[in-house]
Amino acid sequence: MMTWFKDTFGKSSRKPCNYGDQLVIEKKKLIRSLLVCLTVAAGTFQLPVAYCDDQRTGTVPEGDLNRIPPVSDFPQSDARQIHGGPFNLTSHLGNNVSDQNFEGSFLLIYFGYSYCPDICPTDLVVMGKALDLLGGEANNVQPLFITFDPARDTREHLAGYVRSFHSRLLALTGSKEQTLAAANHFGVDVSATYKAEAPGSAYSMNHSAFTYLVDPERKLRVMFRNGTSPQLMADTIRRRLQK
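Our subject in this report is the structure included herewith. Since this is a predicted model, take the numbers as computed values, not measurements.

### Looking at the overall build of the chain
Argument step 1. A tally of helices and strands in the chain yields six helices and twelve strands.
Argument step 2. Sorting the 243 residues of the chain into buried and exposed places 54% on the buried side.
Argument step 3. Look at the contacts in the chain between residues 6 or more apart in sequence, and 77% of them connect residues 24 or more apart.
Argument step 4. Working note: accessible area of the chain is about 11000 Å², and carbon and sulfur atoms make up 52% of it.

### With respect to the pattern of salt bridges
Argument step 1. Counting across every chain of the model gives five salt bridges.
Argument step 2. Measuring nitrogen to oxygen at the nearest pair gives 2.6 Å for the salt bridge that ties Asp149 to Arg152. Each of the two residues, Asp149 as well as Arg152, counts as buried.
Argument step 3. Among the ionic pairs, Asp215 bridges to Arg221, the shortest N-O distance being 2.8 Å.
Argument step 4. The exposure class of Asp215 is buried, given its relative accessible area of 4%.
Argument step 5. Among the residues examined, Arg221 registers a relative accessible area of 25% and is labelled partly exposed.
Argument step 6. Via salt bridges that share partners, Glu137, Asp235 and Arg238 belong to a single interconnected network.

### A look at the pairing of strand E6 (residues 106-112)
Argument step 1. The element E6 is largely enclosed, with a buried count of seven among its seven residues.
Argument step 2. Where burial is concerned, the two faces of E6 agree: the one with Phe106, Leu108, Tyr110 and Gly112 and the one with Leu107, Ile109 and Phe111 are both buried.
Argument step 3. Bridge analysis of E6 against strand E7 (residues 141-147) gives seven bridges, and the strand direction is parallel. Paired with Leu108 across the strands is Pro143, a residue of E7.

### A few points about the side chain of Ser114
Argument step 1. Examined against the element boundaries, Ser114 turns out to sit in the loop between E6 and helix H3 (119-134).
Argument step 2. Owing to a relative accessible area of 8%, Ser114 belongs among the buried residues under this scheme.
Argument step 3. Looking at Ser114, its side chain comes within polar contact range of the side chain of Asp153, at 2.4 Å.

### Re H3
Argument step 1. The first and last C-alpha atoms of H3 sit 23 Å apart over 16 residues, in line with the 22 Å expected at 1.5 Å per residue.
Argument step 2. Every buried residue of H3 is accounted for by Ile119, Cys120, Pro121, Asp123, Leu124, Val126, Met127, Gly128, Ala130, Leu131 and Leu134.
Argument step 3. Where H3 terminates, the next one or two residues include Gly135, which has phi positive at roughly 60 degrees.

Here is what the cut-offs are and how they apply
Residues numbered from 1 in each chain as written. Predicted model: local features only at pLDDT ≥ 70, side-chain atom pairs only at ≥ 80, totals over all residues. Heavy atoms only, no water. Helix = DSSP H or I, 4+ residues; strand = E, 2+ residues; numbered from the N terminus. Buried < 20%, exposed > 50% of the residue type's maximum accessible area, 1.4 Å probe, protein only. Contact = heavy atoms within 4.5 Å. Areas by Shrake-Rupley, 256 points an atom, 1.4 Å probe, with all protein chains shown as cover. Salt bridge = Lys/Arg side-chain N within 4 Å of Asp/Glu carboxyl O. Pairing = 2+ DSSP bridges. Polar contact = N/O pair within 3.5 Å; in protein donor to acceptor, adjacent residues only side chain to side chain. Expected span 1.5 Å × (residues − 1).

This is the structure we're talking about:
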């Protein structure tokens, strides 16, 4: 069992970030993040939520420069069992996209926000490298980046962002209600929002960080923790493709 766990999920999702004095983790979230329990049964996952403190260094429109949105504007989850679920969003290409658009393909999904300076781009780089390692088999996997910060992550903005990671990576955004609904199906959790110290910056977030593999029947099969290597991710996906 332990060998399978390490083979499938890799190392712990905790990794060093530029936390500084910005580390804000609610007590109840910290306690929950330390409860390490994994149960896989009938496609249902029970996992701790791993939090990383992210500090952005970009800018927002002048009128919103000092506004810190409440954490309630973003997905919050106390779920201990994660099933995945449907979504209906808009791609960076301007197309309406749902989970049913990719018939016969696996989905490799990451939830985050483009102004994240470290964890989100790091995980997207891993996703891109894993797809490259899969070679031709990657054609059976559709990579998706779904934002939970649609106010800043517009379609136009995301079109430039995803080019940095993989040519087939599709970014999805939508209304606040649409992105919340998608994130809630996957147990995405933002535990805090706060102003960054860097001049000209707006707000940062503490958020969970997993990459989700969903099969063609739209069942959640694997949750890769932050820190999983590209090779391990590719090997795990390949075994699923061959089943």
